[in-house]
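Given next are the chains, with one letter for each unit.
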Amino acid sequence: MPLFKRRVTGKPGEWYYCLEHKKVEEGPDCPGKDRFGPYASRQEAEHAMESARERNLQWENDPRWHDAPKSEAGEAGED
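Residues numbered from 1 in each chain as written. Predicted model: local features only at pLDDT ≥ 70, side-chain atom pairs only at ≥ 80, totals over all residues. Heavy atoms only, no water.

## Digging into unusual backbone geometry
Glycine aside, residues mostly have negative phi angles, and peptide bonds mostly take the trans form. Residue Pro-38 is bonded to the preceding Gly-37 through a cis peptide linkage, with omega at 10 degrees. In this structure, Pro-38 sits in strand E3 (residues 35–39). For Lys-22, which is not a glycine, the phi torsion comes out positive at approximately 55 degrees. Locating Lys-22 in the fold gives a position in the loop between strand E1 (15–18) and strand E2 (23–26). (Helix = DSSP H or I, 4+ residues; strand = E, 2+ residues; numbered from the N terminus.)

The following block contains the structure:
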């Protein structure tokens, strides 16, 4: 018998997008590693994958998140 039970965190009234089942769920149905959220409404959770794509695209195009190209990094250390 396990000493501690693994519990799924979350509260009813919070909405999540389950990556495993590819659907919107209310409350603590799936483990945190398999979901995005919480969202304030079902509609926000329904658009979770779109929101993630948009954020990823913003990050990919943000120059603050990119290392200097290898040619620049090598030249900077030669001076």
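Picking up where we left off.
## A short note on the nonpolar core
With 6 residues, the main nonpolar core is built from Trp-15, Tyr-17, Val-24, Tyr-39, Ala-45 and Ala-48. Leave out the neighbours within four places in its chain, and Ala-45 touches Trp-15, Tyr-16, Tyr-17, Val-24 and Tyr-39. (Core = buried A, V, L, I, M, F, W, Y, C linked by side-chain atoms within 4.5 Å. Buried < 20%, exposed > 50% of the residue type's maximum accessible area, 1.4 Å probe, protein only. Contact = heavy atoms within 4.5 Å.)

Remember, this is a structural readout, not a statement about activity or role.
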